[in-house]
Amino acid sequence: MNNLQSIVSHFNTKGTVNEIQPLGSGLINDTYKVTTLEADAPDYVLQRINHAIFQNVEMLQANIEAVTRHIRKKLTEQGADDIDRKVLSFIPADTGKTYWYDGENYWRIMTFIPNAKTYETVDAEYSYYAGVAFGNFQAMLADIPDTLGETIPDFHNMEFRLKQLRDAVAADAVGRVKEVQYYLDEIEKRADEMCKGERLYREGKLPKRVCHCDTKVNNMMFDEDGKVLCVIDLDTVMPNFIFSDFGDFLRSAANTGAEDDENLDNVNFNMEIFKAFAKGYLESAKVFLLPLEIENLPYAAALFPYMQCVRFLADYINGDTYYKTKYPEHNLVRTKAQFKLLQSAEEHTPEMQEFIKASLG
Ligand code: GN1
Ligand code: MG
């Protein structure tokens, strides 16, 4: 039995393990697909939790269990079919917990959902479905009885992310500050405007609601007919401004290039995707959103490329300690691509504002 197989053996899975292969493209955890031999045993997804980043695994899994339990209950009440395809199921380990600690690493296992796909890019039709789905996700979680912990404190707090960048600049641990001065200046020019959410929150005008907080397009599973099945990657579900889910989806889906595109001409903000996603999201979320939240959706669309630019740049300056990287300049390339996306989103802001106003009728 190899190491991964022996980890699986600590969980209450069915069947015999056939093979274990890497799965997906996440930048934080390590993910594997576990295939079983028997036709009547499901396949599984095994994950090594990055506990340098998610330091409180007990809280992390408690959040995820509360969220999946609540969604399952909602789907049951709605009389939904195929519930096991619409919400993740975590498998208990022999300790009774939904994670296993091997003395060095934390692991968890969920049931693999067959005949479902994730995508790195989606068209307008799929973006519309995704908008409806993330709006529904927030709506379903609006009355969750459990209090969710912040699995990463201040995760999408823009003031905090700027402080991290400024701290990184002050330390200049690997001597990279001088080559990135242009980006630092561009970031500082926008800093006040981009911290608007935190200000509105302090003034008591903007609420926090339970959000997904990592709505990258590849964190959503689609059925074969294109319908959204399930929202995955629940590690960061926590109270936040709804801007998180709206903005982060567009940061990935409305980008005509890749998150780490080396050719900046490929990177632009696609308004068709914006319109389709906003339409779907407003359809399912309009009932609970405040006018202030709705009118700031275009701000959210610019905020997330900005925040990601700040986070990638801070990691570059710190010497690449957070995100997985494939080559030494990777975080700088990502920073540049996110900055280009921000500029393009900024150019489209008036058009976004008009669209949002018109769709409210
Ligand atoms: C990380 O785990 P993954 O790859 O879905 C990150 C997100 C970033 C994203 C950038 C816990 O998401 O916040 O937006 O990379 N997750 C964490 O691609 O930091
Ligand atoms: Mg992911």
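The protein chain is annotated in an unreviewed UniProt entry as Phosphotransferase enzyme family protein from Bacteroides stercorirosoris.

(A) The arrangement of helix α2 (residues 57-77) in detail. The end-to-end C-alpha distance of α2, which contains 21 residues, comes to 30 Å, matching closely the 30 Å that a straight helix rising 1.5 Å per residue would cover. The complete set of buried residues in α2 reads Leu60, Gln61, Asn63, Ile64, Val67 and Ile71. Taken down its axis, α2 places every buried residue within 155° of arc, on the same side. When the buried face of α2 is taken as reference, the exposed residues oriented beyond 90 degrees from it are Glu58, Thr76 and Glu77. Here the buried face of α2 lies against β3 (44-49), β5 (106-111) and α4 (124-141). Following α2 by one or two positions, glycine 79 has its phi on the positive side, about 70°.

(B) Expanded view of the UniProt feature "domain: Aminoglycoside phosphotransferase" (unreviewed entry) in the protein chain. The feature "domain: Aminoglycoside phosphotransferase" (unreviewed entry), as given by UniProt, occupies residues 19-261 in the numbering adopted here. Structurally, residues 19-261 is divided into 37% helix and 16% strand, and its ends, taken at the C-alpha atoms, are 33 Å apart.

(C) Geometry of the nonpolar core. By size, the foremost hydrophobic cluster in this structure holds 99 residues, and its most contacted members are Ala130, Leu250, Phe277 and Leu303. A total of 16 residues in this core trace back to one element, the largest contributor, which is helix α11 (residues 297-317). There are two domains that each give this core at least three residues, and those are domain 1 (4-114) and domain 2 (124-359).

Parameters and conventions
- Residues numbered from 1 in each chain as written.
- Chains lettered and ligands numbered in written order.
- Predicted model: local features only at pLDDT ≥ 70, side-chain atom pairs only at ≥ 80, totals over all residues.
- Helix = DSSP H or I, 4+ residues; strand = E, 2+ residues; numbered from the N terminus.
- Expected span 1.5 Å × (residues − 1).
- Buried ≥ 20, exposed ≤ 12 C-beta atoms within 10 Å, placed from the backbone.
- Arc of directions from axis to C-beta.
- Contact = placed C-beta atoms within 7 Å.
- UniProt positions renumbered as here; feature names shortened; annotations may be inferred.
- Core = buried A, V, L, I, M, F, W, Y, C linked by C-beta atoms within 7 Å.
- Domains from an automatic or database assignment.

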